[in-house]
Amino acid sequence: SYWTLAGMAVYGRETWTRGGEGFAVAFGLLSRIAPFAVRDGAIIVRWPLMGLVGAEPVRGALVFVAVMLGSTSFDGFGRTSEWQDVLGKVRERFADESLRVLDLATTAVNIAGLAALVGFVVLTYLAAAVSVRRLVRAPRSLVPDFILPLVPIAFAYLVAHYFSLFLVQGQFIVTLASDPFGRGWDLFGTVDFSPNLAIVSPETVWYAQVVALTVGHVAGLAIAHDRAVALFEDRRDALRSQYPMLALMVLYTVGGLWLLSHG
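Computed from a predicted model, the values in this text were never measured in an experiment.

Cut-offs used in this document
Chains are numbered independently. Their residues run from 1 in the order of the written sequence. Only residues with pLDDT of at least 70 are given local features in this predicted model, and only at 80 or more are side-chain atom pairs given and counted; all residues enter the totals for whole chains, interfaces and linings. Side-chain measures were taken over the full set of non-hydrogen atoms in the model, leaving aside hydrogen atoms and water. Counting from the N terminus, the helices are DSSP H or I runs at least four residues long and the strands are E runs at least two residues long. Think of it in three bands: with a 1.4 Å probe and only protein chains considered, a residue is buried below 20% of the maximum accessible area for its type, exposed above 50%, and partly exposed in between. For salt bridges, the criterion is a side-chain nitrogen of Lys or Arg within 4 Å of an Asp or Glu carboxyl oxygen. Being paired, for any two strands, means DSSP has found at least two bridges between them. For helices, the fitted line uses only the C-alpha atoms of the stretch in contact; every axis is such a line through C-alpha atoms, and the angle between N-to-C directions lies from 0 to 180 degrees. Oblique is the label for any angle not under 35 degrees, not over 145, and not in the 65 to 115 range, which are roughly parallel, roughly antiparallel and roughly perpendicular in turn. Two helices that cross are described as forming a left-handed crossing if the nearer one is turned anticlockwise from the farther one by less than a right angle, and a right-handed crossing if clockwise. Here the term charged refers only to Asp, Glu, Lys and Arg, the term nonpolar to Ala, Val, Leu, Ile, Met, Phe, Trp, Tyr, Cys and Pro, and the term polar to all other amino acids, Gly among them. Throughout, a residue-residue contact means that at least one pair of heavy atoms, one from each residue, lies within 4.5 Å.

**What about unusual backbone geometry?**
Notably, Asp-40 is not glycine yet its phi reads approximately 55 degrees, a positive angle. Tracing the backbone through its elements, the reader meets Asp-40 in the loop between β1 (36-39) and β2 (42-45). You can call Asp-40 exposed: its relative accessible area is 78%. Positive phi is not limited to glycine here, since Leu-49 has a value of about 80 degrees.

Printed below as a string of structure tokens:
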């Protein structure tokens, strides 16, 4: 909150919200999926995903989208037995140190893992973009042109990883609404509400996750294909340009499914 207020004080509220406040930027990107938009002060209706057509010229967009993908992926990867084994070895290594040192070491390893996954997304995307450029012999870099197809994938990862959390933990808002500060209030008569912690079965969660990932990646491919058709007059170039992007999407799909099955 302090960082946001300071940024608004220095750069202005609109400027900071548009380009400096992380959640605002993230939701701004995700909102492009919606069938509604605001144009000239009026709400318009459009086809879903139409807000993601075209290139993304904003500097840093690739890294930001990679953080959206990589952070969610690491949240899932951090629950796997493989990563827990890594943390276990770190705790053994610093077992004789103070609790503060142990916490700092664990945090440092987690940050390194998070950075590694974000870096993986950036590098794999750059490899795909470079491959597209070489296949079609484009005269310029195509990195800005295929960033937005990653946005539906980022949204799919969010849905897949937090679907069950939303349904289960989200029920507690009913209780908290009546007593938000723990003062013993019962503002709306819901303080005794008992959440249903078994509202969805593991099988239902799994199928919802698979559907979310599949739909998100198909949407990403559709947007990438639309961009390729707009970029290249030669239909053969447009087709060839999609081979690396297809490989990239398959890689992300397989990785996402692996995280879900091991998390």
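Resuming the write-up.
**Let's talk about the pattern of salt bridges**
Under the definition given, this model contains seven salt bridges. Here the residues in one salt-bridge network are Arg-140, Asp-145 and Arg-227, joined through shared partners.

**Observations regarding the pairing of β1**
Where β1 meets β2, four bridges bridge the pair, whose relative direction is antiparallel. Opposite Val-38, over in β2, you have Ile-43 as the bridge partner. Two successive antiparallel strands, β1 and β2, enclose a turn made up of two residues, where Asp-40 displays a positive phi of approximately 55 degrees.

**Regarding the packing of helix α9 (residues 202-231) against helix α10 (residues 235-262)**
Helix packing geometry: the angle between the two helix axes and the distance between the axes. Contact pair α9 / α10: the axes reach a minimum separation of 9 Å and the direction vectors enclose 160 degrees. Classified by the angle between their axes, α9 and α10 sit roughly antiparallel to one another. Of the two possible hands of crossing, α9 and α10 adopt the one that is right-handed. Here the contact of α9 with α10 is composed, by residue class, of 14 nonpolar, nine polar and one charged.

**Here's the deal with the packing of helix α4 (residues 61-77) against helix α6 (residues 99-136)**
It is the contact of α4 with α6, at a shortest axis distance of 8 Å, that shows an interaxial angle of 130 degrees. In terms of axis orientation, α4 runs oblique to α6. When you trace α4 past α6, the crossing you get is right-handed. Contacts between α4 and α6 involve Leu-62, Val-63, Ala-66, Val-67, Leu-69, Gly-70, Ser-71, Ser-73, Phe-74 and Phe-77 on the former and, on the latter, Asn-110, Gly-113, Leu-114, Leu-117, Val-118, Val-121, Val-122, Tyr-125 and Leu-126. Grouping the amino acids of the contact of α4 with α6 by side-chain chemistry returns 14 nonpolar, five polar and no charged.

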